[in-house]
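If you want the building blocks of each chain, they are given just below.
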Amino acid sequence: MRIIQTEFDGVVIFEPTVYKDERGFFMESYNEQTFRKLGFDLRFMQDNHSLSVKAGTIRGLHYQLNPKAQTKLVRVTRGAIYDVIVDIRKGSPTFGKWQGFILSADNKRQLLVPKGFAHGFCTIVENTEVQYKVDEYYSSEHDRGILWNDPSLGIDWPVTDPVLSEKDANHPLLADAEINFVWERTL
């Protein structure tokens, strides 16, 4: 498995080794021992799976407050997405900055989204399926979000008129969002 660094500490892309032959392919999408050897000691406890029928569907920007914050390992098993993360750790030198990535069933890349980042994605093709592991159970009490098109963020989404849930269409701006993440410098 290869690790691709991003602009943010702790946010990485995992590119699994894929074994292909005339039958198709085989890969390990997750192996706890391999992740530990790479320096990621994670205990996932829930798998989530979404289907977005229409291209141009945005889901996000989501996060859960502490103490129920989640680290996510996101991958696409059918279709493709433009996946976006936003640093929402108060005091971070990259607070309010975002980065986008293409994840697809073809490239098989997986994005690790640590606690302290809002996460969302836009489907690029129809019938896209996204699966992700989380290290904390879903908690409606701690569930929060930021408006997908907050002008202070300036996210360059691949769509201007997305398909949105009512919830995602009504998230607050970053300036008004409830956030309890604090950046801690690591040595």
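Right, let's walk through the structure included here. (Residues numbered from 1 in each chain as written. Predicted model: local features only at pLDDT ≥ 70, side-chain atom pairs only at ≥ 80, totals over all residues. Heavy atoms only, no water.)

A separate point is the pairing of strand β7 (residues 72-78). Sheet topology note: the β7/strand β10 (residues 110-113) ladder contains four bridges and is antiparallel. Each bridged residue has a counterpart across the sheet, and for R75 the counterpart in β10 is Q110. As defined by bridge partners, β7 adjoins strand β12 (residues 128-134) across six bridges and the pair is classed as antiparallel. Bridging from a neighbouring strand, R75 pairs with Q131 of β12. (Pairing = 2+ DSSP bridges. Helix = DSSP H or I, 4+ residues; strand = E, 2+ residues; numbered from the N terminus.)

This part covers the side chain of D135. Position of D135 relative to the elements: it lies in the loop between β12 and β13 (143-145). On the accessibility criterion, D135 (15% relative accessible area) is buried. Polar side-chain contacts of D135 include one of 2.7 Å to the backbone nitrogen of T71. Only 2.5 Å separates the side chain of D135 from the side chain of K115, close enough to count as a polar contact. Setting aside chain neighbours within four positions, we find D135 in contact with R43, F44, M45, A69, Q70, T71 and K115. (Buried < 20%, exposed > 50% of the residue type's maximum accessible area, 1.4 Å probe, protein only. Polar contact = N/O pair within 3.5 Å; in protein donor to acceptor, adjacent residues only side chain to side chain. Contact = heavy atoms within 4.5 Å.)

So, on to the layout of surface pockets. In this structure, the second largest pocket spans a volume of roughly 220 Å³. The wall of the second largest pocket is formed by 14 residues, among which R59, H62, F121, Y132 and D168 lie closest to the centre. Those elements giving two or more residues to the lining of the second largest pocket turn out to be β6 (58-64) and β11 (117-123). Classifying every residue of the lining of the second largest pocket by side-chain character gives five nonpolar, six polar and three charged. (1 Å grid on protein atoms, 1.4 Å probe; cavity = no way out; pocket = protein on both sides within 12 Å on 5 of 7 lines; lining within 4 Å. Points joined across faces, edges and corners; volume = space filled by probe spheres on them. Nonpolar A, V, L, I, M, F, W, Y, C, P; charged D, E, K, R; others polar.)

This part covers empty space enclosed by the protein. Considering all chains together, one arrives at one cavity of 30 Å³ or more under this definition. Forming the walls of the largest cavity are 13 residues, and the residues nearest its centre are Y63, Q64, Q70, P114 and F117. Listed by contribution, the elements that provide at least two residues to the lining of the largest cavity are β6 and β11. Tallying contributions element by element places β6 first for the lining of the largest cavity, with three residues. Residues of the lining of the largest cavity, tallied by class, amount to six nonpolar, five polar and two charged.

Glancing now at the pattern of salt bridges. Per the stated rule, a full pass over the model turns up 13 salt bridges. One salt bridge connects E32 with R36, and the closest N-O pair in it is separated by 2.7 Å. In this pair, E32 and R36 are both assigned in helix α1 (residues 32-37), four residues apart and thus about one turn of the helix distant. (Salt bridge = Lys/Arg side-chain N within 4 Å of Asp/Glu carboxyl O.)

Taken as a whole and judged by the stated rule, the model has eight aromatic pairs. The interplanar angle of 55° and the centroid separation of 4.8 Å between the aromatic rings of Y30 and F35 together place this pair among those described as tilted. Between Y82 and W157, the ring centres sit 6.4 Å apart and the planes meet at 80°, which makes this aromatic pair edge-to-face. With a gap of 75 residues between them, Y82 in strand β8 (residues 80-87) and W157 in the loop between β13 and α2 (166-169) connect regions that are remote in the sequence. Look at Y82 and you get buried, because its relative accessible area is 15%. W157 sits in the buried class, given a relative accessible area of 8%. Members of the aromatic cluster, joined through ring pairs, are F14, Y30, F35, F40 and F44. Over the ring of F25 we find K108; its NZ or CZ atom is 4.1 Å from the centre of that ring. (Phe/Tyr/Trp six-rings, centres within 6.5 Å; stacked < 30°, edge-to-face > 60°. Lys NZ or Arg CZ within 6 Å of the ring centre and 35° of its normal.)

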